[in-house]
Amino acid sequence: MCGIAGIFSLSGRPIARAETRIRRMTDMLIHRGPDSQGIYVADSGLVALGNTRLAIVDPNCREPQPMISGDGGAVLSFNGEIYNHPEMRRHLGEKSVALRTHIDTEIVLEGIRRFGPGFLNKLDGMWAIAYHDIAEGSLMLSRDLMGERHIFYRVTGDELVFASEPGPIVADSPEALSIDYDAALSAIRFGGPPPGRSLVNGIRRMLPGHDLFARPGKGIEEKRRALLHPEKWFDFFNSEPSEKQIIERYEEILTRVCQNRVPTDVPYFSTLSGGIDSTLISLYASDFGKRKISTLFGQSTDKPAQKRPDELDEFAASKLTSTKIGSDHHHIHLDSNDSVAVLNRMAGDCFDGVMDTAPASFEMLAHKVRGEGAKVILISDGPDELVGGYTNDQRSFRMDRRKEQSPLRHGMLRAASASRVGRGLVRRLYGEELVASPFESASPFVFRPIHESFIPDYLEKLVPLDDLVRATSGHYGVEDEAYGHITRYLDPSQRRALSYAALSLPDMFNLRTDKAFLRASVESRLPWQAPEIVELMIATPTKWRFGNGDTTKLILRRIVEKHIGAAVSTRSKHGFSAHLWSRPNIYNQLGIDETLESCDLFSGGVFRKSAREKIFNGTPGYDAFKWALFTLAKTEESLKKAQQNRT
């Protein structure tokens, strides 16, 4: 796992101060790869590449990176891991491709060199790469299908500038940059900016499963390389398989993807929160206790979470699983004053648009992992979104069923919910469960994603509703049009899963994960997001998600029950962490109120004139906006400082 950066001349003129600039950009990514770093500047002066390396595969390899191909015709900057690199090594050997090292970087470089970009579709892994063909003078950037790694870029009239994080691009820009307030509204509502965007005007993100091609004088073209294929499972599920048969398929794939993602050259941890998803990852990573692994429980509340008195709390559940698989179990408290520095830095470095607060907890977990001498952590993001892990998903399922069984009643609820006043009345009389929001619909398919932090009914008191809808609609909780050929074959819960897989996981959840763990020089691996298990989860019919509506992630709970027991499989769903910033001791040290009172966020044209008063006068629920607004204010301050440093 690494950090990459680069500058490419689009005009055909040599890059001004190429070595100085690329070295500075690379230096800013040292936390992503503290084991080594290097730069490459083409003799033509048209390309400059940088690479920092976190050595995971063959950590003692000293081959310089960016890496030059064996024939001297191409250069690669690589950020990622290729889990099937031994298989690909044999494949290249059979094609008479000579390899000099045992690292996966060379597999990617020589594979593209020999077979072109299509070689990437043979890889099981995650990546963000920059490939330069020296003879052609071309550059290719690429991002993996599930978007576990990221490339930000900025195009001027003369140059394409890119990096694993937007900070180096901000620092390199000779011009003053500004906040993209439409992206900021999306980040406040959904926790992250729209796919393909950042919080800074002019800085974009590559989309998952896409490649970008650039040549001097010809500009750039970004195009899709790969899609998920849940339809490969249609025949299996249409055959009405038994529960046993479905579990067998899940276990077959889980075994493969977990074993492939267990590092062999460096120490690692697996998160073990006591929940269904991390329990299964730890179970399969340990090969059912045959392999000794280290597991990690993070606690951000005074007491471990527990929803019902008759069930195990989070820590007790994690301990039970740890005992069964024989792991070396670690426990960390995340609510200490150490989080102040993490939160403060994170707030001022939100160029990427991650306004969700989970990265602070993740980063503290990463520091614990690094402090224990490990470089890799297995985390369990994915199933909650893909097989219905939230009460929100149960609500949507029950709404789907009510609509089918009682269309007249559903129509009446939808009519009553058409206005904000009507929605408020339905909430008071019947609860949130029966609100048929106009912001959700069957055609076009629109739903409320789990990472929608603030619904429009609350946000419109801070931002005019028309502006809010214009800026935030169509990004999350919608369908990716590239999958239009299969959506008509999916039930509503499957369509939601596909939306999460195509949009939310790559461009919100995985962005925050990448940012948090690499900040502490720890590589996060996501077994649940291996495309083959993602495709199976998307295709899983509703009845194996919710049963009769009284549970979540039914098929995964069955697997946990089989191997660990009902004490864990029947537990309630819990979030991984509380909002650290809102704890009084931390809140006061961050100076959130002082920052918001002195900033000029509320004097522009984005927020209503009454917004400041609602934030500070104790209006119920509006304190929750303070973290997002604090982050926005601190990031705008960082942009101004970057401009001052340039002048």
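Preceding this paragraph is the structure being described.
Predicted, not measured: the structure shown is a model, and the values here were computed from it.

> Tell me about the overall build of the chain, and please be specific about residues and values.
Counting its regular elements, the chain contains 27 helices and 17 strands. In summary, the chain has a C-alpha radius of gyration of 24 Å against a globular reference of 26 Å for 647 residues, a match within 12%. Expressed along its principal axes, the backbone C-alpha trace of the chain runs to roughly 70 × 60 × 50 Å. Relative to its 647 residues, the chain shows a buried fraction of 61%. Expressed as a percentage of contacts within the chain between residues at least 6 apart in sequence, the contacts between residues at least 24 apart total 73%. As displayed, the chain offers around 24700 Å² of accessible surface, 49% of which is attributable to carbon and sulfur atoms.

> Residue-level account of a nonpolar patch on the surface, with values.
A grouping of Leu425, Leu429 and Tyr430 is seen on the molecular surface, where their side chains present a nonpolar patch of about 330 Å² in accessible area. Along the chain, the position of Leu425 falls in helix α15 (residues 420–430). Taking relative accessible area as the criterion, Leu425 reaches 43% and is therefore assigned partly exposed.

> Tell me what's going on with the sheet that holds strand β12 (residues 219–224), and back it up with residues and numbers.
Read across the sheet, six strands follow the order β4-β5-β6-β7-β11-β12 without closing on themselves; strand pairing throughout is antiparallel. Every interior strand has two partners, whereas the edge strands, β4 (67–68) and β12, have only one. Relative to the sheet, helix α3 (residues 104–115) contacts β4, β5 (74–82), β6 (125–133) and β7 (138–143), its axis offset from that of β5 by approximately 130 degrees.

> How would you explain the pairing of β12 if you had to name every residue and give the values?
The sheet contact formed by strand β11 (residues 210–215) and β12 spans six bridges and is antiparallel. Residue pairing in the sheet places Asp211 in a bridge with Lys223 of β12. Linking β11 to β12, which pair antiparallel, is a turn of three residues; within it Gly217 sits at a positive phi near 80 degrees.

> Kindly report on unusual backbone geometry, identifying the contributing residues and their values.
Residue Pro66 is reached from Gln65 by a cis peptide bond, and omega for that bond is 5 degrees. Looking along the chain, the bond that leaves Ser443 and enters Pro444 is cis, with omega of 0 degrees. Here Pro444 is to be found in the loop between α15 and α16 (456–459). With phi around 55 degrees, Glu240 is a residue other than glycine that occupies positive phi space.

> Describe the nonpolar core, listing the residues and the values that go with them.
By size, the foremost hydrophobic cluster in this structure holds 81 residues, and its most contacted members are Ile188, Leu343, Leu590, Phe607, Phe625, Trp627 and Leu629. No other element matches helix α27 (residues 626–646), which puts eight residues into this core. Not counting residues up to four positions away in its chain, the partners in contact with Phe625 are Ile188, Phe454, Tyr458, Leu459, Leu462 and Ile615. Listed in part, the 67 residues of the second largest apolar core include Phe237, Ile246, Ile281 and Val534.

> So, the sheet that holds strand β1 (residues 2–9): which residues are in play, and what are the values?
If you trace the six strands from one edge of the open sheet to the other, you get β2-β3-β1-β9-β8-β10, paired in antiparallel fashion. Each end of this open sheet is capped by a strand with a single partner; those strands are β2 (36–41) and β10 (203–205). With strand direction ignored, the average angle separating the axes of adjacent strands in the sheet is 15 degrees. For strand β8 (residues 152–155) and strand β9 (residues 159–163), the ladder comprises four bridges, and the chain directions are antiparallel. In the sheet register, Tyr153 faces β9, and the bridge partner there is Phe162. Across the face of the sheet, helix α1 (residues 18–27) comes into contact with β1, β2, β3 (47–53) and β9 while running at roughly 155 degrees to β2.

> Can you tell me about helix α9 (residues 314–325), naming the residues and giving the values?
In a regular helix each residue adds 1.5 Å, so 12 residues correspond to 16 Å; α9 covers 17 Å between its end C-alpha atoms and thus fits that length. For α9, the capping residue at the N-terminal end is Asp313, with a side-chain oxygen 3.1 Å from the backbone nitrogen of Phe315. A positive backbone phi angle near 70 degrees is found at Gly326, which sits one or two residues after α9.

> Explain the environment of Phe152 to me, and be specific about the residues and the numbers.
Structurally, Phe152 can be placed in strand β8. Residue classification places Phe152 among the buried residues on the basis of a relative accessible area of 1%. Counting along the chain gives 55 residues from Phe152 to Leu207, while the straight-line C-alpha distance between them is 9.7 Å.

> A description of the pairing of β2 should follow, citing residues and the corresponding values.
Alignment of β2 against β3, held across six bridges, turns out to be antiparallel. Looking at the pairing, Val41 lines up with Ala48 of β3. Hairpin connection, β2 to β3: the antiparallel pair is bridged by five residues, and Gly45 has positive phi, about 75 degrees.

> Can you lay out the environment of Leu120 for me, pointing to particular residues and giving the numbers?
Mapped onto the elements, Leu120 comes out in the loop between α3 and β6. Spatially, the C-alpha atoms of Leu120 and Asp180 are 33 Å apart, while their sequence positions differ by 60 residues. Residues in contact with Leu120, not counting those within four places in the same chain, are Val108, Ile112, Trp127, Ile129, Met140, Ser142, Asp211 and Arg225.

> For the pattern of salt bridges, give the residues involved together with the corresponding values.
All told, the structure shown has 55 salt bridges when counted by the stated rule. Two residues, Arg100 and Glu63, come together in a salt bridge whose shortest N-O distance is 3.0 Å. Of this pair, Arg100 sits in the loop between α2 (85–94) and α3 while Glu63 sits in the loop between β3 and β4, and the two are 37 residues apart along the sequence. Classification of Arg100 as partly exposed rests on a relative accessible area of 41%. Of the charged contacts in the structure, one is a salt bridge between Arg571 and Glu314, with a shortest N-O distance of 2.8 Å. A residue pair is termed long-range when its members are at least 10 positions apart, and Arg571 in the loop between α23 (566–569) and α24 (584–590) and Glu314 in helix α9 qualify at 257 residues. Look at Arg571 and you get buried, because its relative accessible area is 4%. Accessibility expressed as a relative area gives 7% for Glu314, which makes it buried.

> Please give an account of the packing of helix α7 (residues 243–260) against helix α20 (residues 531–539) that cites residues and values.
Packing of α7 against α20 leaves a shortest axis separation of 9 Å and a crossing angle of 155 degrees. The angle between α7 and α20 places the two elements in the roughly antiparallel class. For α7 against α20, the interelement crossing comes out left-handed. Contact residues: Arg249, Tyr250, Ile253, Leu254, Arg256 and Val257 in α7; Glu532, Ile533, Leu536 and Met537 in α20. In the contact of α7 with α20, the residues fall into seven nonpolar, no polar and three charged.

> Can you break down the side chain of Ser322 residue by residue, with the values?
Here Ser322 is to be found in helix α9. At 2.7 Å, the side chain of Ser322 and the side chain of Ser327 are in polar contact. If near-sequence neighbours (up to four positions away) are discounted, Ser322 is found in contact with Leu272, Thr295, Ser327 and His329.

What counts and how
Positions within a chain are numbered from 1, following the residues in the order the chain's sequence is written. Only residues with pLDDT of 70 or above have their local features reported here, since the model is predicted, and side-chain atom pairs are shown and tallied only from 80 upward, although totals for entire chains, interfaces and linings are computed over all residues. Each side-chain value is derived from all of the structure's non-hydrogen atoms; neither hydrogens nor water enter the calculation. The way it works is that DSSP assigns letters per residue, a run of H or I at least four long becomes a helix, a run of E at least two long becomes a strand, and they are numbered from the N terminus. Each radius of gyration is computed over the set of C-alpha atoms, and the globule rule expresses the reference value as 2.2 Å times the number of residues to the power 0.38. Exposed residues in this analysis have more than 50% of their type's maximum accessible area, buried residues have under 20%, and partly exposed residues fall in between, with area computed by a 1.4 Å probe over protein chains only. Should any heavy atoms of two residues lie within 4.5 Å, those residues are considered in contact. Calculation of accessible area relied on Shrake-Rupley with a 1.4 Å probe; when residues are assessed, cover is drawn exclusively from the protein chains displayed. Patch rule: a residue counts if its relative accessible area is over 30% and it has no salt bridge; like charges are joined within 9 Å, and nonpolar side chains (Val, Leu, Ile, Met, Phe, Trp, Tyr) within 5 Å. Salt bridges are identified by distance alone: a Lys or Arg side-chain nitrogen within 4 Å of an Asp or Glu carboxyl oxygen. Think of it this way: DSSP has to see at least two bridges between two strands before they count as a pair. Note on geometry: axes are lines fitted to C-alpha atoms, helical ones only across the stretch in contact, with angles between N-to-C directions running from 0 to 180 degrees. Only buried residues count toward a nonpolar core. Its members are Ala, Val, Leu, Ile, Met, Phe, Trp, Tyr and Cys residues joined through side-chain atoms within 4.5 Å. To estimate the expected span of a helix, count its residues, drop one, and scale the result by 1.5 Å. Throughout this description, a polar contact denotes any pair of N or O atoms lying within 3.5 Å of each other; where both atoms belong to protein, one of them has to be capable of donating a hydrogen while the other can accept it, and for residues adjacent in sequence the pair is counted only when both atoms sit in side chains. We call two directions roughly parallel when the angle between them is under 35 degrees, roughly antiparallel when it is over 145, roughly perpendicular when it lies between 65 and 115, and oblique otherwise. We call a crossing left-handed when the near helix sits turned anticlockwise from the far one by less than a right angle, and right-handed when that turn is clockwise. Under the convention adopted here, Pro, Cys and the residues Ala, Val, Leu, Ile, Met, Phe, Trp and Tyr are nonpolar, Asp, Glu, Lys and Arg are charged, and Gly plus all remaining residues are polar.

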